[in-house]
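A structural walkthrough
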Amino acid sequence: MRTEWLKQRNGEECPTQIHYARNGTITAEMQYVAQREGLDAELVRSEVARGRMIIPANIHHTNLEPMAIGVASRCKINANIGNSAVTSHETEELEKLHMAVHYGADTVMDLSTGGDIPGIRKAIIANSPVPIGTVPIYEALTRVRSVPDLTADVLLEVIEEQAGQGVDYMTIHAGILIQFLPLVSGRITGIVSRGGSILGQWMAHHHRQNPLYERFDDICKIFRKHDVSFSLGDSLRPGCLADASDEAPFAELRAWEHDVQVMVEGPGHIPMDQIKLQVDKEMELCSEAPFYTLGPLVTDIAPGYDHITSAIGAAMIGWHGAAMLCYVTPKEHLGLPDKDDVRQGIIAYKIAAHAADIARHRLGARDRDDALSRARYTFDWNRQFELSLDPETARAMHVETLPEEGYKEAHFCSMCGPKFCSMNMSQAVERYNGEIASPLVTLAASSGKR
């Protein structure tokens, strides 16, 4: 859909959304976002210009339907897909992509680490109407024998290739510096970020500074050329509750101003009482750049259910101001998620993001809730299914115990049956109130005439 928009800007030296915004231009992408969000286009432009909102939209991703990440817009969710060196291929990843988009993922990250990574990514971008993110250091590591063999040139080569393919945002672990490595020595789980651990091992081996930090200006030039947004990697995020809010993650939080859009990644595993602190610190240190968080998980004892433990933290951190929530699936810490794990993770995080929007009093955020509640009260079962986040599951659960089609008109469900349904009884009370209200109105009217 963006082909004509991009033709009009073809050949411009700096095609980034933040560059246009800072120069007072409302792009077609900004206008589209404004319509999707129910915001004024000028507000969108001003938020992008000040760096508090990003529109990840690589100039080569022409089938993209632009969206925004920022505190002024709805709380968004990201779904991670991608293969590993031991399982999954292009077909499976495209099925996961379809599942993610179908159930409402706002962005998708391809975290593939094996096989034909460029081919899988090309197929994902070609089939995705939502922004695609990557972690380029993963592919870079597959091009060398081992971590110490990584070079800045290999990293930049991969970043340039991915940008040219149409990747909309990339996680760049530029904030983990060699002087910060001693900060993790007292942790239970050390460095749990894959990108952070790769760079930590590289720096420890070579006794040299992080090459992504040293070549940051060169990365900015690539991003500026293709309009790729930074997702500044939270390389030292805590991997368990005991490591939460220590010195390490705050040492790397920073936002960069190079006419390139920036969001900042956050934790990890955080107790509920420390969640607001994460947002407050990020806003303070990063000039209110959009905050993109993994979870956070609020307890460590539930492998197999971490889509739930993390959705609790996600709802809270979204309420406090995080702009996008990276989903967690039931397979977190256990294995590579399949398409059903993707579905469960998406649903859990759509709930979390929606709850955050309601808590933040977003305009119209509760409209769907109220519509579903009215349908529930009037026993409009089909309307309830239509309005639910997962209509197929809602319908299947109802059919499981009341399979006949006639029960779609029933004024009860299998939980209470016809005799114990509170809403049926409440409607009887309403009818009574209506019956006594009419004589009272007549009496009041006649009294007023005297």
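Quantities reported herein were computed from a predicted structural model and do not represent experimental measurements. (Residues numbered from 1 in each chain as written. Predicted model: local features only at pLDDT ≥ 70, side-chain atom pairs only at ≥ 80, totals over all residues. Heavy atoms only, no water.)

Overview of the sheet that holds strand β6 (residues 169-172)
So the rule is basically this: Two strands are said to pair when DSSP picks up at least two bridges between them. Numbering goes from the N terminus for both helices and strands, where a helix is a DSSP run of H or I of at least four residues and a strand is a run of E of at least two. In this description, a line fitted to the C-alpha atoms serves as the axis of each element, helices being fitted only across the stretch in contact, and the angle between N-to-C directions of two axes falls anywhere from 0 to 180 degrees. Only heavy atoms matter for contacts: two residues are in contact if any of them lie within 4.5 Å across the pair.
What the eight strands build is a closed barrel, ordered β3-β4-β5-β6-β7-β8-β9-β10; its pairing is parallel. Averaged over all pairs of adjacent strands, the angle between strand axes in this sheet comes to 25 degrees, irrespective of strand direction. Note that strand β3 (residues 76-81) and strand β10 (residues 324-326) share three bridges and pair parallel. Within β10, the position partnered with asparagine 78 by the bridge is cysteine 326. Against the sheet, helix α15 (residues 339-359) engages β3 and β10, with an angle of about 165 degrees to β3.

A look at a nonpolar patch on the surface
Rules: Patch members must show over 30% relative accessible area and no salt bridge, and they are joined within 9 Å when carrying like charges or within 5 Å when they are nonpolar side chains of Val, Leu, Ile, Met, Phe, Trp or Tyr. For the area figures, the Shrake-Rupley method with a 1.4 Å probe applies, and any residue is considered shielded solely by the protein chains shown. Salt bridges are defined by distance alone: a side-chain nitrogen of Lys or Arg within 4 Å of a carboxyl oxygen of Asp or Glu. The rule is simple: take the accessible area with a 1.4 Å probe, protein chains only, and divide by the maximum for that residue type; under 20% is buried, over 50% is exposed, in between is partly exposed.
Nonpolar side chains collect at one region of the surface, where Met272, Tyr305, Ile308 and Ile312 lie side by side and expose about 410 Å² of accessible area between them. Here tyrosine 305 is to be found in the loop between β9 (291-294) and α14 (306-320). With a relative accessible area of 52%, tyrosine 305 lands in the exposed category.

A look at the environment of cysteine 286
Checked against the element boundaries, cysteine 286 lands in the loop between α13 (275-285) and β9. Given a relative accessible area of 1%, cysteine 286 falls into the buried group. With 185 residues separating them along the chain, cysteine 286 and valine 101 place their C-alpha atoms 30 Å apart.

Concerning the packing of aromatic side chains
Each aromatic ring pair is described using two quantities: the centre-to-centre distance and the angle formed by the ring planes. To be explicit about the condition: Put simply, two rings from Phe, Tyr or Trp (the six-membered ring, in Trp's case) pair if the centres are within 6.5 Å, and we call them stacked under 30 degrees between planes, edge-to-face over 60, tilted for the rest. Criterion for a charge above a ring: Arg CZ or Lys NZ at most 6 Å from the ring centre, at most 35 degrees from the ring normal.
Tallying each qualifying case throughout the model produces five aromatic pairs. Their ring planes at 55 degrees and their centres at 6.2 Å tell us that tryptophan 5 and tyrosine 32 sit as a pair that is tilted. Of this pair, tryptophan 5 sits in helix α1 (residues 3-8) while tyrosine 32 sits in helix α3 (residues 28-37); the two residues are 27 residues apart in sequence, bridging distant segments of the chain. Look at tyrosine 169 and tyrosine 292: their rings are 6.4 Å apart centre to centre, the planes differ by 90 degrees, and that puts the pair in the edge-to-face class. Here tyrosine 169 is found in strand β6, whereas its partner tyrosine 292 is found in strand β9, with 123 residues between them in sequence. Judged by relative accessible area, tyrosine 169 falls into the buried class, the value being 0%. Taken together through their ring pairs, the aromatic side chains of Phe216, Phe223 and Phe230 make up a single cluster. We note arginine 194 situated over the ring of tyrosine 138; from NZ or CZ to the ring centre the distance is 4.3 Å.

Section: helix α8 (residues 152-165)
Residues spaced three or four apart along an α-helix face the same direction, because each turn holds 3.6 residues. Applied cut-off: Expected span, for any helix, means 1.5 Å times one less than how many residues it has.
Compared with the 20 Å implied by 1.5 Å per residue over 14 residues, the 20 Å span of α8 between its first and last C-alpha is a close match. Inspection of α8 places Ala152, Val154, Leu155, Leu156, Val158, Ile159, Gln162 and Ala163 among the buried residues, and these make up the whole buried set. In the segment just after α8, glycine 166 is the residue with positive phi, at about 120 degrees.

A few points about the pattern of salt bridges
In a structure, side chains of opposite charge can pair up when their charged atoms sit close to one another. For the structure on display, the rule yields 27 salt bridges. Arginine 52 is the salt-bridge partner of glutamate 288, the closest N and O atoms lying 3.5 Å from each other. With glutamate 288 in the loop between α13 and β9 and arginine 52 in the loop between α4 (41-50) and β1 (53-54), the pair connects residues that are 236 residues apart, well separated along the chain. Aspartate 340 is the partner of arginine 343 in a salt bridge, and the nearest nitrogen-oxygen pair spans 3.1 Å. A residue pair is termed a helical-turn pair when its members lie 3 or 4 positions apart in one helix, as arginine 343 and aspartate 340 do in helix α15 at three residues. Among the charged side chains, a salt-bridge network with shared partners connects Arg121, Glu139, Arg143, Glu157 and Glu161.

Observations regarding the state of the cysteines
What is meant by a disulfide is a covalent connection between two cysteines, made through their sulfur atoms. We apply this condition: Defined by distance alone, a disulfide is two cysteine sulfur atoms within 2.5 Å.
By the definition in use, this model includes zero disulfides. Not engaged in a disulfide, the cysteine cysteine 14 finds its nearest cysteine sulfur in cysteine 220; these two sulfurs lie 11 Å apart. Classification of cysteine 14 as buried rests on a relative accessible area of 2%. Here cysteine 416 stays free of any disulfide, with the sulfur of cysteine 413 as its closest cysteine sulfur at 5.3 Å. Residue classification places cysteine 416 among the partly exposed positions, given a relative accessible area of 34%.

Here we look at the pairing of strand β7 (residues 229-232)
Taking every second residue as pointing to the same face, both faces of β7 are buried, with Ser229 and Ser231 on one and Phe230 and Leu232 on the other. Two elements, β6 and β7, share four bridges in a ladder whose sense is parallel. Note on β7: the bridge partner recorded for isoleucine 172 is leucine 232.

Some details on unusual backbone geometry
In this structure, the amide linkage connecting proline 267 to the following residue, glycine 268, adopts the cis form with an omega of -10 degrees. Summarising the element assignment, glycine 268 is placed in the loop between β8 (262-266) and α13. For the bond running from glycine 295 to proline 296, omega is 15 degrees, close enough to zero to count as cis. In this structure, proline 296 sits in the loop between β9 and α14. The phi torsion at serine 287 lies on the positive side, around 50 degrees, for a residue other than glycine. Note on placement: serine 287 falls in the loop between α13 and β9. By relative accessible area, serine 287 is classed as exposed at 55%.

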